[in-house]
Every structure is written in C-alpha cells, then in structure tokens.
Amino acid sequence: GSVLTLRGRIEMDAAIMSGRNLSCGAVGAVSNVRNPILLARRVLEETDHSLVVGSMAERLAEKFGLAGTVLPSNKRRENWKQMRKNPAKYLKKNMAYASDTVGAVAIDAKGNIASGVSTGGLWLKLDGRVGDSALVGAGFYAENEVGGVAATGIGEAIMNVLLAKIVHGYMAVGKSVMDACKFGIENITAKKGPNTAGLVAIDSQGNFGYSLNTKMMIVASMSEGMDRPTAKILTDRSLA
Ligand code: ASP
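These figures come from a predicted structure and were not determined experimentally. (Residues numbered from 1 in each chain as written. Predicted model: local features only at pLDDT ≥ 70, side-chain atom pairs only at ≥ 80, totals over all residues. Heavy atoms only, no water.)

K.L.:
Looking at this structure, I do not really get the pattern of salt bridges. What am I missing?
P.N.:
Proximity of charged atoms lets side chains of opposite charge pair with each other. The final tally for this structure, using the stated rule, is 7 salt bridges. Linking E11 and R9 is a salt bridge whose minimum nitrogen-to-oxygen distance equals 3.1 Å. Notably, a salt bridge pairs R42 with E46, separated by 3.5 Å at the nearest N-O pair. Of the two residues, R42 and E46 both sit in helix α1 (residues 36-46), 4 residues apart, roughly one turn of that helix. Under the relative-accessibility criterion, E46 is labelled partly exposed at 45%. (Salt bridge = Lys/Arg side-chain N within 4 Å of Asp/Glu carboxyl O. Helix = DSSP H or I, 4+ residues; strand = E, 2+ residues; numbered from the N terminus. Buried < 20%, exposed > 50% of the residue type's maximum accessible area, 1.4 Å probe, protein only.)

Pasting the structure below:
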C-alpha cells in the first residue's frame, strides 16, 4: 500500500519504542522489506543502535529473513503516473500528500507501553528522504510512567516541532491524554498550519486519546475482553 517516490520507488520508514527503558529501533528509506516494523523491532532487540537506513538496513532484513520483493499495486502505479505529470503541485511544502502511515500505541498488564509506526511516507518524496516515522520524539515516543504517542501527517512539519515529544510533555505535566493530543495538534497547527498531522496516544492507566487537523483519520481501539476493535472515522469537525 505504500506511496511512491519521485522516481517511482517504494521506500519505507518504521519504528518501535519500548516505554520500559526508552529504547527504540527504527529503519529509514528501506525497500524490499515486507514488514518494516519487524525489521525495526530487530534493530531494537538485536543491535546496539536506534536507527539504521537504506541499503544496509536491507542487508539486515536479509540476515533476519525479512527481505521480500515489494511492488506497488497497479492503482498506485497509475496514481503515480498522473501525479508525476505535475510534481510541483504535490511537493509544495505543507501540501504534500500523506496517506499511508499506520501508528499504534499499546499497554500491557504490567504497565509496559509501546508505540510503533510504519509508513511509505509522502507521495513523490525525494528518493532517500526519511520522515518522522523513523525519528524518535517526532513520529513516536513511549515512556511507561507517562504514556505513548504515534503520529501521522507531513513528516517535515512533525519533525520540526517534535510532535510526539510535545504530547508526551503535556502528559508528563499532568494533562489528560485527550487534552495532550489536542494541545499537540494546536501547537503544530499554530507553527506549521492546518492539514499537517494527526495522532493517537495512550497514558500509563490505559486511557487513550487522539486528535487531528487533517480532513480525516481512522482510529481504532481494543482492550481485554473485546474480540474485535471499535473503529471510528474522525474528520476535522470532531476536533471540538
Ligand atoms: N508522516 C509520514 C511521513 O511524512 C506520512 C504519513 O503520515 O502518511 O513520512
């Protein structure tokens, strides 16, 4: 489902963070990895590093048996051909087309919090561009005593304001998770404009929150005893 780069390639970013010891694993600009989040987890658990990018990350994927050809669907290829006719329209700052990030936050019975994100990034991004989903404090953050955050939107805007860390900061000083999300989005809207981000978060008690300044975001939640998640389509009108 990934979006395509200016040159028509799939390049993905992904990360996972453990709130128990603030350790994270991330990969940036990787191709030919079927589930980049699994590779991010290997970086977390089996290397001494927090972020590995490009061809060397793909070598790691081979070593861990996570490599595999990833080809765009015909629909994506068709979209790319149309957009490629007028790249300036899509690349304009803060008008970039984001659409495919999946983010998650979770807490277990022992209070361990994790956050994870995975994305193809922005349509027609420069090959080699790495977004917020690989950058701790920007697209994701987790700390057991406080909470976890996962973001989506225009990576450049998110990394400029360190959106996940802002939301974490609001929770750390006692704001409710829902208010922390709302303030985080107000902050990025003030600095970088509307239509830049959405986020989900969870606090140390398992309460969850979300907010967005984009046209739409789908959120779902699940807790013990439920056999399927409840999902909601949010639009900017639900920002109130
Ligand atoms: N945040 C992602 C990026 O800029 C895109 C998205 O959320 O869809 O790489």
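K.L.:
Can you walk me through the pairing of strand β9 (residues 208-212) in this structure?
P.N.:
Looking along a regular strand, one sees side chains alternate from face to face of the sheet. Judged by how many residues are buried, β9 sits mostly within the fold: 4 of 5 residues are covered. For strand β8 (residues 197-203) and β9, the ladder comprises 5 bridges, and the chain directions are antiparallel. The partner of L199 across the bridge, within β9, is S211. Counting the residues that bridge the hairpin from β8 to β9 gives 4 residues, and of these G206 lies at a positive phi of roughly 90°. (Pairing = 2+ DSSP bridges.)

K.L.:
Where do I start with the sheet that holds strand β5 (residues 113-119) in this structure?
P.N.:
In any sheet, the strands associate via hydrogen bonds between backbone groups, in a parallel or an antiparallel arrangement. Ordered in space as β3-β2-β1-β5-β4, the 5 strands form an open sheet in which the pairing is mixed. Either end of the sheet is taken by a strand with one partner, and the two such strands are β3 (51-53) and β4 (102-107). Here the strands of the sheet are splayed against their neighbours by 5° on average, with no regard to which way each runs. Two elements, β4 and β5, share 6 bridges in a ladder whose sense is antiparallel. Looking at the pairing, V102 lines up with S118 of β5. In this fold α1 packs onto β1 (12-18), β2 (23-30), β3 and β5, with an angle of close to 135° to the strand it touches most, β2. (Axes fitted to C-alpha atoms, helices over the stretch in contact; angles between N-to-C directions. Contact = heavy atoms within 4.5 Å.)

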